[in-house]
Amino acid sequence: MQNWNSLRVKVSAGLIVLTLLILMSSVMNYQALITMSNNSIRFSGTLLPAEQAVLNGDRDLYQALQAEQEALLLVDPSQLSKVKADFDENAQQARDRMHTFLKLMADYPEVTARFADFDQQFAAWHTPSNEMFALLAAGDATKARAIHEAADTQFATLRGIYN
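Our subject in this report is the structure included herewith. These figures come from a predicted structure and were not determined experimentally.

The next thing to look at is helix α1 (residues 7–73). Given a rise of 1.5 Å per residue, 67 residues ought to cover 99 Å, and the 95 Å separating the end C-alpha atoms of α1 matches this to within 8%. When the local axis directions of α1 are compared, the greatest deviation, roughly 40 degrees, occurs at Phe-43.

In structure tokens form, the structure reads like this:
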């Protein structure tokens, strides 16, 4: 029969407890490492590219606005088609990049729900902007300026979505 008060039993019990604590700590650290690895993959594979898409889309949206403003200030009407092409390209890139963001963030419905009316807001800005270019092409700069001023409010709302 063993003596539970012996030094050998007390040291052995202490070592067993210490070994169990080290094993538990190792398992918990391994789980934390797996979680951190998964979060790192999610961040670099989803969240970072999504953020980059929105930032680039915001830049493209601003460049589309610059094309609108440039069109209003044109002295040579023959340059209007080039400025309109710049506008169309940047507006399309801004729209495509927001859709890229939404596709990347599809696993986060609490985020994508805030952008449910994006296409409607985009059209609310894009339609009058296209009308402004049509009026400029027809030579009606006064109406084009009025439409541009009205579209500025829609642009600010749209830009708020990107921000």
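Another aspect to go through is the side chain of Glu-68. In this structure, Glu-68 sits in helix α1. Buried and unpaired, Glu-68 has Lys-84 as its nearest opposite-charge partner, separated by 9.7 Å. Those residues in contact with Glu-68 that lie beyond four places of it in its chain are Phe-87, Trp-125, Ser-129, Met-132, Phe-133 and His-148.

Its boundaries defined by the atoms lining it, the largest pocket holds a volume of some 290 Å³. Along its surface, the largest pocket is lined by 15 residues, and Val-54, Phe-101, Phe-115, Tyr-162 and Asn-163 are the ones closest to its centre. Examining the composition of the lining of the largest pocket, we find that 6 residues originate from one element, α1, more than from any other. A breakdown of the residues in the lining of the largest pocket according to their chemical character gives 10 nonpolar, 2 polar and 3 charged.

Our focus in this paragraph is helix α5 (residues 141–162). Taking 1.5 Å per residue as the helical rise, α5 with its 22 residues ought to reach 32 Å, and the 30 Å between its terminal C-alpha atoms agrees with that figure. Every buried residue of α5 is listed here: Ala-144, Ile-147, His-148, Ala-151, Phe-155, Leu-158, Ile-161 and Tyr-162. The inward-facing, buried residues of α5 contact α1, α2 (80–104) and α4 (118–137).

The contact between α1 and α4 brings their axes to 10 Å, and the two run at 25 degrees. The angle between α1 and α4 places the two elements in the roughly parallel class. Considering the relative orientation of α1 and α4, their crossing is left-handed. Two secondary-structure elements touch here, α1 through Leu-61, Ala-64, Ala-67, Glu-68, Ala-71 and Leu-72 and α4 through Trp-125, Ser-129, Met-132, Phe-133 and Leu-136.

Scoring rules and cut-offs
- Residues numbered from 1 in each chain as written.
- Predicted model: local features only at pLDDT ≥ 70, side-chain atom pairs only at ≥ 80, totals over all residues.
- Heavy atoms only, no water.
- Helix = DSSP H or I, 4+ residues; strand = E, 2+ residues; numbered from the N terminus.
- Expected span 1.5 Å × (residues − 1).
- Bend = angle between axes of the 7 residues up to and from the residue.
- Buried < 20%, exposed > 50% of the residue type's maximum accessible area, 1.4 Å probe, protein only.
- Lys, Arg positive; Asp, Glu negative; His and termini not counted.
- Salt bridge = Lys/Arg side-chain N within 4 Å of Asp/Glu carboxyl O.
- Contact = heavy atoms within 4.5 Å.
- 1 Å grid on protein atoms, 1.4 Å probe; cavity = no way out; pocket = protein on both sides within 12 Å on 5 of 7 lines; lining within 4 Å.
- Points joined across faces, edges and corners; volume = space filled by probe spheres on them.
- Nonpolar A, V, L, I, M, F, W, Y, C, P; charged D, E, K, R; others polar.
- Axes fitted to C-alpha atoms, helices over the stretch in contact; angles between N-to-C directions.
- Parallel < 35°, antiparallel > 145°, perpendicular 65-115°, else oblique.
- Left-handed = near helix turned anticlockwise from the far one by under 90°.

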